[in-house]
There are 2 protein chains.
Amino acid sequence: MNRLSRDPVALLKAAREGQRLALARLMSLVERGGDEARLLGAETYSHVGGAYTVGMTGAPGSGKSSLTAALASVVRAEEERLAILAIDPSSPFTGGAILGDRVRMQDHVMDDGIYIRSMATRGHLGGLSLATPQAIRVLDALDWPWVLVETVGVGQVEVDIAGAADTTIVVVNPGWGDAVQANKAGLMEVADIFVINKADRKGADDTRRDIQQMLELSSLGEWEPPILMTVATDQVGVDELWREIAAHREYLENCGELKARRIRRIDAELSEIVTRSLENRVVATMDRPETAKLKEQLMRGEIDPYAAAAQLISMAEDDN
Amino acid sequence: MNRLSRDPVALLKAAREGQRLALARLMSLVERGGDEARLLGAETYSHVGGAYTVGMTGAPGSGKSSLTAALASVVRAEEERLAILAIDPSSPFTGGAILGDRVRMQDHVMDDGIYIRSMATRGHLGGLSLATPQAIRVLDALDWPWVLVETVGVGQVEVDIAGAADTTIVVVNPGWGDAVQANKAGLMEVADIFVINKADRKGADDTRRDIQQMLELSSLGEWEPPILMTVATDQVGVDELWREIAAHREYLENCGELKARRIRRIDAELSEIVTRSLENRVVATMDRPETAKLKEQLMRGEIDPYAAAAQLISMAEDDN
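Definitions and limits used
- Residues numbered from 1 in each chain as written.
- Chains lettered and ligands numbered in written order.
- Predicted model: local features only at pLDDT ≥ 70, side-chain atom pairs only at ≥ 80, totals over all residues.
- Helix = DSSP H or I, 4+ residues; strand = E, 2+ residues; numbered from the N terminus.
- Buried ≥ 20, exposed ≤ 12 C-beta atoms within 10 Å, placed from the backbone.
- Contact = placed C-beta atoms within 7 Å.
- pLDDT = per-residue confidence, 0-100.
- Arc of directions from axis to C-beta.
- Expected span 1.5 Å × (residues − 1).
- Axes fitted to C-alpha atoms, helices over the stretch in contact; angles between N-to-C directions.
- Parallel < 35°, antiparallel > 145°, perpendicular 65-115°, else oblique.
- Left-handed = near helix turned anticlockwise from the far one by under 90°.
- Nonpolar A, V, L, I, M, F, W, Y, C, P; charged D, E, K, R; others polar.

Undergrad: Explain the overall build of chain A to me, using residue names and the numbers behind them.
TA: Helices and strands together make up the secondary structure of chain A, namely 12 helices and 7 strands. Per-residue burial over chain A gives 48% buried out of 320 residues. For chain A, contacts bridging at least 24 residues in sequence account for 73% of all contacts bridging at least 6.

Shown next as structure tokens:
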């Protein structure tokens, strides 16, 4: 296996033959970004739409990983195959991500019908919003029918990633204020299905009522998000979750909303790529000696930041 | 008061005379962004460096608002004045922010030496990272000597905002895993002072040990972040926190690091402004008929996203 090529095309071929190491390398390539990822993108872009994506998001500790593991068991019982991308909000300074959550998935690691991958950025703001659709496209090209994207739904980027899925599950826990926090984080608007996990704890009914109230206050579309109760660690309620995912999929397919969602997704990806490309140009400009002079003026309060920014932009443009 | 002008210069003058409503309007102006905010920026940019900024961040529910309220009492006992900016991660879809946390600050609302303001973005990604330094500059120009910026330290943007302060306080709670979550969210690297709030609960010593271990594993500078125990709701440990803030300030001023931090801050702000300006250009390009055609090709898998992005960028450039 060590002689495995690093060439994206060869890796794709090896991954199609079932080599897990090849798939792992492809994912690392997507994470790293750059020219090889670009090349891989060009190899996979035409495979669009086969895979159905499920986003799962919620606060740290809400039991997303347990629920994912429980769902994986249901999916396997149905003889379906599931790829899982666990998005790790990595440290912005060291790039290190703690992958402890992986441990809970150990039941599935030897199963060919399940693929699990933790993804982390290497300190790039917005890197995940670029890497995630690319990773999904690779899995799609390798004929994975279901892709579950698990994110900690606390930052804007993570909410955006989960909300870009075909079906989005928002996980909360019983207890006062949990639904309020979810609402604050912008999770209510992206939810197609609510799950109250750890529903054997006190306060599950109150939480359900909180969510119902918030849903009544918001402007709903035709789909009314169901509110499910689960105890993921005991596999309670997980069959029903899988049925609701299927029901939401059927709804999206029948009313034409699935295509609309996917158009919005590609739209967002395109904007993101354009923005990042422009940012790279800015970074190059920030290193120039003229920029150092501008910064000195800023520090002394001789120029305002917006005027300085305008000067930087015209410098960057003169380069073209 | 209803005849208060909406002109930034007149508002600044009224705010200098102590009119709270004028200050509130200035802050709304900063939140909204646009030309008036720009004009305000041009009026305040030369007032740099008077205000000392303290960032406070931590997970939802860790007691940041209670700690802020407790700290405000200490600051008032010392006859200092404190402005507080509470950064609300607002819903990305509705722009609505729940300001329930304000309630806890009611002890201070009638006090002229305390100013409290919740800030929210109106759906702009990164809007807060632009609005926050502007809001600080306005408070600086109005001679507030201390500005405390409170953020929910869960998203990248919020961590960046808190980490950009002169002194950054990271708040955690007793209990297994809380320090680990803080580390995951990138909070360890930005902390100048750790606070274990609700320290009367079980597990406070374990949490202290967790933080100490993580600090030992990371590459520290000369300043060794103290780990304090507080019970904010009972005002326990809050005097010590205020002393540690003063000690950190003295350290930064003596070793020259304060200036270095502020240069990095203005650097980050400048990059952000440039990036957002470029983004606005992209948004304009996204609305053109040629772009719609590109998107159709993308949906059909006829072109890859990076190639499409390159075409969009050259279109945007041709406009200049």
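Undergrad: Account for the environment of B:Tyr251, with residues named and values stated.
TA: Relative to the elements of secondary structure, B:Tyr251 occurs in helix α9 (residues 238-255). Measuring from C-alpha to C-alpha, the distance between B:Tyr251 and B:Trp223 comes to 7.9 Å, with 28 residues separating the pair along the chain.

Undergrad: Run through the confidence of the model for chain A, naming residues and quoting values.
TA: The predicted coordinates ought not to be read in detail in places where the model reports low pLDDT. Residues and elements named next belong to chain A. Looking at chain A, the pLDDT average stands at 82 and 84% of residues meet or exceed 70. Taken as a whole, residues 90-104 scores under 50 in pLDDT and shows 32 contacts with residues more than four places along the chain or in a different chain. Interface confidence for the predicted complex, expressed as ipTM, amounts to 0.73; the pTM equals 0.61.

Undergrad: Any details on helix α3 (residues 34-44) of chain A? Residues and values, ideally.
TA: Of all the positions in α3(A), only A:Ala37, A:Leu40, A:Gly41 and A:Thr44 are classed as buried. Angular distribution of buried residues about the axis of α3(A) spans 105 degrees; they occupy a single face of the element.

Undergrad: Report on the environment of B:Gly33, specifying residues and quantitative values.
TA: Residue and element names in this part refer to chain B. Tracing the backbone shows Gly33 in the loop between α2 (20-32) and α3 (34-44). For the pair Gly33 and Ala131, spaced 98 residues apart in the sequence, the C-alpha separation amounts to 7.4 Å. Beyond its immediate stretch of four places on either side in the chain, Gly33 contacts Gly127 and Ala131.

Undergrad: With reference to specific residues and values, describe helix α10 (residues 257-286) of chain A.
TA: Note that an α-helix has 3.6 residues per turn; residues three or four places apart therefore point the same way. Spanning 30 residues, α10(A) covers 43 Å between terminal C-alpha atoms, matching the ideal 44 Å at 1.5 Å per step. Within the sequence span of α10(A), burial applies to A:Glu269, A:Leu270, A:Ile273, A:Val274, A:Thr275, A:Leu278, A:Val282 and A:Thr285.

Undergrad: An account of unusual backbone geometry is needed here, citing residue identities and associated values.
TA: All names here are of chain B. Look at Glu79: it is not a glycine, yet its phi comes out positive at around 60 degrees. For Glu79, the position within the fold is in the loop between α4 (64-77) and β2 (82-88). Judged by the 7 C-beta atoms lying within 10 Å of it, Glu79 is exposed. If you check the backbone angles, Gln235 has positive phi at about 65 degrees while not being a glycine. Its place among the elements puts Gln235 in the loop between β7 (227-230) and α9. Under the C-beta neighbour-count criterion, Gln235 is labelled partly exposed, with 15 such atoms within 10 Å.

Undergrad: Explain the packing of α10(A) against helix α11 (residues 289-299) of chain B residue by residue, including any values.
TA: At a closest axis distance of 10 Å, the pairing of α10(A) and α11(B) adopts a crossing angle of 115 degrees. With respect to α11(B), the axis of α10(A) lies roughly perpendicular. In this structure, the crossing between α10(A) and α11(B) has a hand that is right-handed. Two secondary-structure elements touch here, α10(A) through A:Ile263, A:Ile266, A:Asp267 and A:Leu270 and α11(B) through B:Lys295, B:Leu298 and B:Met299. The class makeup of the residues in the contact of α10(A) with α11(B) is 5 nonpolar, no polar and 2 charged.

Undergrad: For the environment of B:Gly203, give the residues involved together with the corresponding values.
TA: Residues and elements named next belong to chain B. Relative to the helices and strands, Gly203 is located in the loop between β6 (193-197) and α8 (204-217). Take Gly203: there are 17 C-beta atoms within 10 Å of it, and that puts it in the partly exposed class. In this structure, the C-alpha to C-alpha distance between Gly203 and Gly175, residues 28 residues apart in sequence, is 5.0 Å.

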